[in-house]
Amino acid sequence: MAARNLLVTGGAGFIGSNFVHHVVDNTDDHVTVLDKLTYAGNLASLDGLPSNRVRFVQGDIADAGLVDELFSEADAVVHYAAESHNDNSLHDPRPFLDTNIVGTYTLLEAARRHDRRLHHISTDEVYGDLELDDPARFTEATPYNPSSPYSSTKAASDLLVRAWVRSFGVRATISNCSNNYGPYQHVEKFIPRQITNVLRGIRPKLYGKGENVRDWIHADDHSSAVLRILDDGRIGETYLIGADGEKDNKAVIELILELMGLPADAYDHVTDRAGHDLRYAIDSSKLRAELGWKPQYGDFEAGLAATIDWYRKNEPWWAPSKNDVEAFYSSKGQ
Ligand code: NAD
Ligand code: TDX
């Protein structure tokens, strides 16, 4: 395939920056990152990438003029930018509406004007949650039933994409992925919070009883799936991305403690999240059968050990956010 100019929104965030590294390592494509650098964006996540392949533009996806200019220069757009943290959405939902809904609308209008291929990144949380003892997993046919302000704005953005495909012929695809882990994840999120707590001598914090199940996938596997969909996905289709990684939160916190050389019970139970989704689980058969994708990081324990190692070696990357994040959580008894 000829080298493309990709516009990647949210490319200074966790999954977006992993995708930019993946593109540079696995294709000849050039990348322009459009990122507002909110508290969640970190330019250091793009350190070491070649300047003749990756360009950074600071800006808001809801800035129609800037978006218009960048779309005119791009062959295809991969849209990661979002307000992404459920706990923040319970505290202050407004930025979630502005970025996840109005921002996505702004990109869709530009895709329509410039007739550009757009891939929209979304989450399994749009489907709500499953019971712990339910053998079912989410599929592309599962009805939308989001629980939190975050997941409801992601659901809204998915529905806007579908409407712009059907009404205006925009060439878009959607993927809904399960919980990602790996390097460059903000310390507000579950796994990096616990790893950096241990590194700081703070006890890890488990919400409620910790029975909630998440379906973990390495961020690099998410990236390879997105590239497959961008290359060969059918326009207008939704693909679920997952790697059969279901684990309850208690098991994950115990594994982190063991891998870091501490007793498995050296953590605190704290106030549960309001409306806390019980279980997510993805059936990714469609993506695997149609596009021949499969995950490379089959061993969660090995992937987690490598992630712990990354946080050990990259304290300057995460240290500036750590105190503010812990102050926010402790103000809520978490
Ligand atoms: P993140 O919070 O780490 O990164 C989001 C990035 O978007 C940041 O760099 C931020 O500066 C940027 N951004 C926010 N508002 C912006 C705006 N208005 N204009 C331009 N840039 C803006 O999030 P993440 O965990 O990397 O998630 C990326 C995407 O993947 C999101 O769409 C999220 O819904 C989706 N997703 C995440 C997960 C997960 O496990 N983290 C799972 C499935 C889907
Ligand atoms: O300190 C904590 N203790 C704890 O028990 C934190 C921060 C979280 N938790 C629990 C809540 C969840 O059950 O761990 C689980 C994972 O929490 P998060 O990392 O906040 O992720 P989650 O709410 O599951 O959402 C994530 O996956 C789907 C991403 O943040 C979303 O952007 C994505 O859409």
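Residues numbered from 1 in each chain as written. Chains lettered and ligands numbered in written order. Predicted model: local features only at pLDDT ≥ 70, side-chain atom pairs only at ≥ 80, totals over all residues. Heavy atoms only, no water.

A. Seen up close, the pattern of salt bridges. One pass over the full model with this rule turns up 24 salt bridges. Measuring nitrogen to oxygen at the nearest pair gives 2.7 Å for the salt bridge that ties Arg 203 to Asp 268. In this pair, Arg 203 sits in the loop between α6 (190-200) and β8 (205-207) while Asp 268 sits in strand β13 (residues 268-270), placing the two residues 65 residues apart along the sequence. For the salt bridge of Arg 288 with Asp 244, the shortest nitrogen-to-oxygen distance reads 3.7 Å. Taken together, the residues span a long stretch of sequence, with Arg 288 in helix α9 (residues 285-291) and Asp 244 in the loop between β11 (238-241) and β12 (246-248) at a distance of 44 residues. Look at Arg 288 and you get partly exposed, because its relative accessible area is 26%. Within the structure, one salt-bridge network assembled from shared partners comprises Arg 234, Glu 237, Lys 286 and Glu 290. (Salt bridge = Lys/Arg side-chain N within 4 Å of Asp/Glu carboxyl O. Helix = DSSP H or I, 4+ residues; strand = E, 2+ residues; numbered from the N terminus. Buried < 20%, exposed > 50% of the residue type's maximum accessible area, 1.4 Å probe, protein only.)

B. Fine view of the site of ligand 2. The environment of ligand 2 is made up of 22 residues, and the closest members are Thr 123, Glu 125, Tyr 150, Arg 273 and His 276. Within the side chain of Asn 249, a nitrogen or oxygen atom sits 2.8 Å from an oxygen atom of ligand 2. Between Arg 273 and ligand 2, the recorded distance is 2.6 Å, taken from a side-chain N or O atom to an oxygen atom. Protein burial of ligand 2: of its 650 Å² of free accessible surface, 94% is covered by the chains. Among the elements of the structure, α6 and β8 are those that each provide at least two residues to the shell around ligand 2. (Near = heavy atom within 4 Å. Polar contact = N/O pair within 3.5 Å; in protein donor to acceptor, adjacent residues only side chain to side chain. Areas by Shrake-Rupley, 256 points an atom, 1.4 Å probe, with all protein chains shown as cover.)

C. Local environment of the site of ligand 1. Within the structure, ligand 1 sits among 28 residues, and Ile 15, Asp 35, Ser 84, Tyr 150 and Lys 154 are positioned closest to it. Take Asp 60: an N or O atom from its side chain is 3.0 Å from a nitrogen atom of ligand 1. The separation between an oxygen atom of ligand 1 and a polar main-chain atom of Asn 180 is 2.9 Å. Protein contacts shield 97% of the accessible area of ligand 1, which totals 840 Å² for the unbound molecule. Contributions of two or more residues to the shell around ligand 1 are made by α1 (14-26), β5 (117-123) and α5 (149-168). In terms of residue count, β5 provides more of the shell around ligand 1 than any other element does, three residues in total. Here the residues of the shell around ligand 1 sort into twelve nonpolar, twelve polar and four charged. (Nonpolar A, V, L, I, M, F, W, Y, C, P; charged D, E, K, R; others polar.)

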